[in-house]
Amino acid sequence: MPLPDIHSYSNPGVSRVRHVELDLAVSFSGKKLRGAATLSLEPAGRTLVLDTRDLAIQRVNGSSAGFTVGPRDQFLGAPLTIDLPAGTRSVLVEYETSPRASGLQWLAAAQTAGKRHPFLFSQSEAIHARSWMPVQDSPGVRVTYSARIHAPVPLKALMSARMVRDGHFHQPFPIPPYLIALAVGDLEFQAVSSRCGVWAEPSVLQGAAREFEDVEKMVQAAEALYGPYRWGRYDLLVLPPSFPFGGMENPCLTFATPTVIAGDKSLVSLVAHELAHSWSGNLVTNATWRDFWLNEGFTTYIERRIQEALYGRARSEMEFAIETGELAIEMKELPPGDQKLAIDLKGRDPDDGMTQVPYVKGALMLRMLEQKYGRAKFDAWLRSYFDHFAFQSITTGQFVGYLHETFPDENLQAWLDQPGLPPDAPKVTYDFETTPGKSWSTQEWLHWLRQMPEKISAAQMAVLDREWNFTDTGNSEVAAQWLLMAIRAGYQPAYPRLEQFLVTVGRRKFVKPLFEELARTPEGKARALAIYRKARPGYHPITQATADAILK
Ligand code: BES
Ligand code: ZN
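Residues numbered from 1 in each chain as written. Chains lettered and ligands numbered in written order. Predicted model: local features only at pLDDT ≥ 70, side-chain atom pairs only at ≥ 80, totals over all residues. Heavy atoms only, no water.

(A) Inspection of the overall build of the chain at higher detail. Along the backbone of the chain there are 16 helices and 21 strands. Whereas a compact globule of 552 residues would reach a radius of gyration of roughly 24 Å, the chain reaches 23 Å, a difference of no more than 12%. Principal axes of the C-alpha set define a box for the chain whose edges measure 75 × 60 × 45 Å. Taken over 552 residues, the chain has a buried fraction of 60%. (Helix = DSSP H or I, 4+ residues; strand = E, 2+ residues; numbered from the N terminus. Rg over C-alpha atoms; globule rule 2.2 N^0.38 Å. Buried < 20%, exposed > 50% of the residue type's maximum accessible area, 1.4 Å probe, protein only.)

Rendered as structure tokens:
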């Protein structure tokens, strides 16, 4: 039995949800989902506690009595407590979502590529599933699910499951609730292989399918390392630019930001990353958000292995060098407690744990183990780990216990419970080219820009801009880095592009540092507030919360 999850009110020890059946109508005019969730229980005790957040619960088992919704906590939402008559094995909850549901973004047609149809997508990780369905919203409580989605014609509904037929979905494998996902929009499909393909708005589809054409090879590379891909199809869905993350590993259907479509496949490590979650995260899952590094550290390590298999060691090391550089930059600002792998999230939003630490420090620890014991032995252990814990949710302690079965003397205390990087942390070095050229990849430009002096002047920025046209780059990573430098240097010719970028792109990784940098001076803060007034309505609730905290 996993540790109690401090981010869920649910009582799986008494009554545990095993299967969720959704029947939901999508109303774009009301910005709500409306319908019912039928939950199958095993065991079924005399009470059932579910997580909710801003849900309007109308009836439970056809009655408006026999249940209570508790007070709302700002992070956790509100518990829904249901009395169960003896022998009750299933519960029907009729409900509707709030237009402000933290796990949904409702986009107006103007915010899409095609500008003709609205768009809806969910983002359930970490604890937002509860804002669009009543569930035991803990990663330790795995469920299978089926769904019937009523979307307005001609829009297409997609979910993190097998599409049985239009609007009907089934996920036969038990997954944590944070992996239940839905998107509705003007979406078309292009196949890449018999089991892989890309969904996107029509005008984006061709470019996306070309960018992601290596996806089948990635699946094969991962299978060669860690065993068969168990989820049937592996498709990608390209979302509008307000998607708050780079990617989300929804089973069978990774959600991805359009900002990784660089035109030269230089950002496809994101696909390797989300695909890797099919083993680390979706098959073997963190039991609580304290164990988040088990998801992301393993995945970042596997991402490197997939990239190496497809594109060679040099490219993989170059990408890892960029990632470790980002870890070093972020670590300088983080309180010591958040530099541990297993972090204390008591009284906090688990989304706060999403720093580079679980990702890159976690991956470095696994690389340390690989180097210490040798690839052959470590790969075999890792493969056995996925088979051993398949379809289970585990804690950091269970990982350590299983590691000790093969490597009994390994002591990971310094990695797990101490801030910073331990002395045995591997150094990731890559010899970057120093003379820029048209053939440079995203990572080479990023490295080159990041090693410029902090105090670069506006005049020097102008020289760089004349030569390389950074202000007008279509590459989102390079643009974000350049705009950060433009703010620092007070380089005014980039300000219109800064505003345009922040108004169109809602990816938190870009939005957050740009607003933070602006907020450092009174004049910058005024500019930030003026931009934010225009940008905020188009942002996802998660990005809104992040920017609100910076600009409050
Ligand atoms: N699972 C994460 C996204 C996530 C984490 C969402 C925590 C909500 C809470 C996903 O796999 C991820 O790590 N995405 C990264 C991209 C990746 C290439 C590092 C992102 O979105 O930046
Ligand atoms: Zn991830």
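(B) Expanded view of the domain arrangement of the chain. Domain boundaries in the chain define domain 1 (17–184), domain 2 (191–417) and domain 3 (442–551). Taking only C-alpha atoms, the centre of domain 1 and the centre of domain 2 are 26 Å apart. Across the contact, 35 residues belong to domain 1 and 40 residues belong to domain 2. Each partner contributes to the roughly 2800 Å² buried at the junction of domain 1 and domain 2, and carbon and sulfur atoms together form 66% of this total. (Domains from an automatic or database assignment. Contact = heavy atoms within 4.5 Å. Buried area = accessible area lost by both parts, 1.4 Å probe.)

(C) Representation of the site of ligand 1. Around ligand 1, a shell composed of 16 residues is seen, among which E125, G246, E249, E274 and Y359 lie nearest. Between ligand 1 and E125, the relevant distance is 2.7 Å, taken from a nitrogen atom to a side-chain nitrogen or oxygen of the residue. Y359 places a side-chain nitrogen or oxygen 2.7 Å from an oxygen atom of ligand 1. Calculation on ligand 1 without its partners gives an accessible area of 520 Å², and the protein chains cover 89% of this total. Here the shell around ligand 1 gets three residues from one element, more than from any other, and that element is helix 3 (residues 269–276). (Near = heavy atom within 4 Å. Polar contact = N/O pair within 3.5 Å; in protein donor to acceptor, adjacent residues only side chain to side chain. Areas by Shrake-Rupley, 256 points an atom, 1.4 Å probe, with all protein chains shown as cover.)

(D) Structural detail: the nonpolar core. By size, the foremost hydrophobic cluster in this structure holds 142 residues, and its most contacted members are Y385 and F399. Among the elements that take part in this core, helix 6 (residues 356–373) stands out by supplying nine residues, more than any other. Counting residues domain by domain, this core receives three or more from each of domain 1 (17–184) and domain 2 (191–417). The contacts of Y385, once residues within four sequence positions are left out, are V284, L294, F298, I394, F399 and Y402. Among the nonpolar cores identified, the runner-up in size contains 39 residues, and A489, Y491, A528 and I531 belong to it. (Core = buried A, V, L, I, M, F, W, Y, C linked by side-chain atoms within 4.5 Å.)

(E) Main features of the coordination of the zinc ion (ligand 2). Summarising the metal site, the zinc ion (ligand 2) is bound by the protein donors H273 (NE2), H277 (NE2), E296 (OE) and E296 (OE), whose distances to it range over 1.9 to 2.8 Å. Motif for the zinc ion (ligand 2), donor spacing along one chain: H-x3-H-x18-E. Of the two residues, H273 is situated in helix 3 and E296 in helix 4 (residues 292–311); the sequence distance between them amounts to 23 residues. Since its relative accessible area comes to 7%, H273 is described here as buried. Relative accessible area serves as the criterion here: at 2%, E296 is assigned to the buried category. (Donors = N, O, S within 2.8 Å, 3.2 Å for Na, K, Ca; no water.)

(F) Examining the sheet that holds strand 3 (residues 47–52) more closely. Pairing in this open sheet of three strands is antiparallel, and the strands run 3-6-5 from one edge to the other. Bordering the open sheet on either side are strand 3 and strand 5 (67–69), each of which pairs with just one other strand. Strand after strand, the sheet turns through a mean of 15 degrees between neighbouring axes, direction not considered. Note that strand 3 and strand 6 (residues 78–83) share six bridges and pair antiparallel. When the sheet's bridge partners are listed, V49 is paired in strand 6 with T81. (Pairing = 2+ DSSP bridges. Axes fitted to C-alpha atoms, helices over the stretch in contact; angles between N-to-C directions.)

(G) Just the sheet that holds strand 13 (residues 168–175), in detail. With respect to topology, seven strands assemble into an open sheet ordered 4-7-2-1-10-13-12, the strand pairing being mixed. Pairing within the sheet leaves two strands with one partner each, and these edge strands are strand 4 (56–60) and strand 12 (162–165). On average, each strand axis in the sheet is inclined to that of its neighbour by 20 degrees, with strand direction left out of account. The sheet contact formed by strand 1 (residues 17–27) and strand 2 (residues 32–41) spans 10 bridges and is antiparallel. Bridge assignment links H19 to a residue of strand 2, and that residue is S40.

(H) Summary view of the layout of surface pockets. A volume near 270 Å³ is recorded for the second largest pocket. If you trace the second largest pocket, you find 18 residues lining it, with A161, R162, M163, R233 and C252 closest to the centre. Here the lining of the second largest pocket takes five residues from strand 13, the largest share from any one element. When its residues are assigned to classes, the lining of the second largest pocket shows 12 nonpolar, three polar and three charged. Taken domain by domain, the makeup of the lining of the second largest pocket includes at least three residues from each of domain 1 (17–184) and domain 2 (191–417). (1 Å grid on protein atoms, 1.4 Å probe; cavity = no way out; pocket = protein on both sides within 12 Å on 5 of 7 lines; lining within 4 Å. Points joined across faces, edges and corners; volume = space filled by probe spheres on them. Nonpolar A, V, L, I, M, F, W, Y, C, P; charged D, E, K, R; others polar.)

(I) Main features of the environment of F245. Relative to the helices and strands, F245 is located in the loop between strand 17 (234–238) and strand 18 (247–248). The buried category is assigned to F245, whose relative accessible area is 9%. Apart from the residues lying within four places of it in its own chain, the contact partners of F245 are Q123, T257, M354, R507, R508 and I542.

(J) Up close: the pattern of salt bridges. In this structure the tally under the stated criterion is 37 salt bridges. Across the pair E223 and R195 runs a salt bridge, and its minimum N-O distance is 3.0 Å. One end of the pair, E223, is in helix 2 (residues 215–226); the other, R195, is in the loop between strand 15 (188–191) and strand 16 (196–200), and 28 residues separate them in sequence. The salt bridge partner of K512 is E516, with a shortest N-O separation of 3.6 Å. With K512 and E516 both in helix 14 (residues 508–518) and four residues apart, the pair spans about one turn of that helix. By relative accessible area, which is 35% here, K512 ends up partly exposed. For E516, a relative accessible area of 32% corresponds to the partly exposed category. The structure contains a network of salt bridges with shared partners spanning R305, E308, R313, E317, R367, E370, R375 and D379. (Salt bridge = Lys/Arg side-chain N within 4 Å of Asp/Glu carboxyl O.)

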